[in-house]
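# Structural features, examined
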Amino acid sequence: MTDNVQFARMNGLGNKILVVDMRGRKDRVTPAAAIALNADPATAFDQIMAIHDPKASGTDAWIDIVNCDGSMAQACGNGTRCVVQALAAETGKKAFTFHTIAGILNATEHEDGTISVDMGKPVFAWDKIPLAEEFADTSRIELQIGPIDNPVLHSPSAMSMGNPHAIFWVDKDPMSFDLDRFGPLLENHPMFPERANITLAQVLSPSSLRTRTWERGAGLTLACGSAACAAAVSAARTGRTGRKVTIDVASAPAPAKLTIEWLDSNDHVVMTGPAEWEWSGTLNPTTGIWQRDAAEAGGARAL
């Protein structure tokens, strides 16, 4: 087994992704390697999507999802789109089935280059999210930050999209809040025994939201796909919007948007949006030592 593997630096709506090809190997990207890669500005990332050989028949790959602090994540919709784009360029296929610790994900690349990912069913039961306290209705839980008589954020909607989410509803631009200060406190609040992704969501219309997210294990990221899904579902669940919305990700560097649909037919959540290839290289999955490939032409490339 050679020491190094191929990887691609990509992004999903600004969400910084490293897609690492671990197929044909038994080892994994170590937490130490992830931390080392994130410490280098050239390879700093929000999630690593490590592609492994499939563990179950009928699937194309097993995907390990690693946060920049070395911890494991259950879901990353923006990263999944990056994996699809890379594998579609390699294989010519358009539809894929992936297996993760959160379950099965089906994804499709469309002719216009956008990619849809079926993120599965949302989970609302308090002990499955999980929360530390029992709530009969998790669409609005008792949690606030700031003065008790004038809280800055309060009464979030809680749910899981394979990972825990808390959606705080705000009536002004999410970028106007000091989320880099509140985010760590809320992510690690005792209410969330497995920590949580923290999202600020502003309703723009019955079919559109504007969001900003502090990601569990990654911090203040430019975009978070599973959080966009959680915001869309929570908005529909609380009667703020319909079941199909456009998400304007406030922190994303480009004006591209995500479309989220919570299907009536099977309760699955389907996210559609772009992915972008930046550059490729090789890395050591144990140490994180890496080298960039020679300069490439633009566009999607195979791993």
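Each remark here, short or long, concerns the structure printed above.
Let us look at the structure shown here. (Residues numbered from 1 in each chain as written. Predicted model: local features only at pLDDT ≥ 70, side-chain atom pairs only at ≥ 80, totals over all residues. Heavy atoms only, no water.)

As defined by bridge partners, strand β12 (residues 164-169) adjoins strand β13 (residues 197-205) across five bridges and the pair is classed as parallel. For Trp169, the partnering residue across the bridge sits in β13 and is Ala201. In terms of handedness, the path from β12 via helix α3 (residues 179-187) over to β13 forms a crossover that is right-handed. Note that β13 and strand β14 (residues 208-215) share seven bridges and pair antiparallel. Paired with Val203 across the strands is Leu209, a residue of β14. (Pairing = 2+ DSSP bridges. Helix = DSSP H or I, 4+ residues; strand = E, 2+ residues; numbered from the N terminus. Right-handed = clockwise from strand over helix to strand, strands pointing away.)

Moving on, we get to the nonpolar core. Judged by nonpolar contacts, the single largest core of 52 residues is most densely connected at Val19, Phe98, Ile247 and Ile260. Discounting chain neighbours no more than four positions away, the residues touching Ile247 are Leu209, Thr211, Ala228, Ala232, Lys257, Leu258 and Ile260. Counting 21 residues, the second-largest nonpolar core is a separate cluster that includes Ala158, Leu179, Met191 and Leu200. (Core = buried A, V, L, I, M, F, W, Y, C linked by side-chain atoms within 4.5 Å. Buried < 20%, exposed > 50% of the residue type's maximum accessible area, 1.4 Å probe, protein only. Contact = heavy atoms within 4.5 Å.)

Burial runs high along β12: six of the six residues are buried. Residues Pro164, Ala166 and Phe168 of β12 are buried on one face, and the alternating residues His165, Ile167 and Trp169, pointing to the opposite face, are buried as well. Pairing geometry for strand β11 (residues 157-160) and β12, over four bridges, is antiparallel. Note that in β12 the partner of Ser157 across the bridge is Ile167. What sits between β11 and β12 in their antiparallel hairpin is a turn of three residues, with Gly162 showing a positive phi close to 95°.

Applying the stated criterion across every chain, the model contains 15 salt bridges. Measuring nitrogen to oxygen at the nearest pair gives 2.8 Å for the salt bridge that ties Arg28 to Asp64. Of the two residues, Arg28 is situated in the loop between β2 (15-21) and α1 (31-39) and Asp64 in strand β4 (residues 61-67); the sequence distance between them amounts to 36 residues. The class of Arg28 is partly exposed, set by a relative accessible area of 45%. A salt bridge links Glu187 to Arg195; the nearest nitrogen and oxygen atoms lie 2.9 Å apart. Glu187 gets classed as buried once you look at its relative accessible area, which sits at 5%. Among the ionic contacts, a cluster of salt bridges with common partners joins Asp21, Arg23 and Glu90. (Salt bridge = Lys/Arg side-chain N within 4 Å of Asp/Glu carboxyl O.)

Buried within α3 are the following residues: Leu179, Phe182, Gly183, Leu186 and Glu187. Projected down its long axis, α3 shows its buried positions confined to an angular sector of 125°, all on one face. Exposed residues lying more than 90 degrees from the buried face of α3 are Arg181 and Leu185. Where α3 is buried, its residues contact β9 (144-145), β10 (153-154), β12, β13, β14 and β15 (219-220). (Arc of directions from axis to C-beta.)

Trans is the common state for peptide bonds, and a negative phi is the common state for residues other than glycine. Residue Pro130 is reached from Ile129 by a cis peptide bond, and omega for that bond is -5°. Tracing the sequence through the fold places Pro130 in the loop between β8 (115-118) and β9. For Ser155, which is not glycine, the phi dihedral falls at a positive 50°. Tracing the backbone through its elements, the reader meets Ser155 in the loop between β10 and β11. Of the residues examined, Ser155 reaches a relative accessible area of 14% and is grouped as buried. Even without being glycine, Asp267 reaches a positive phi, approximately 70°.

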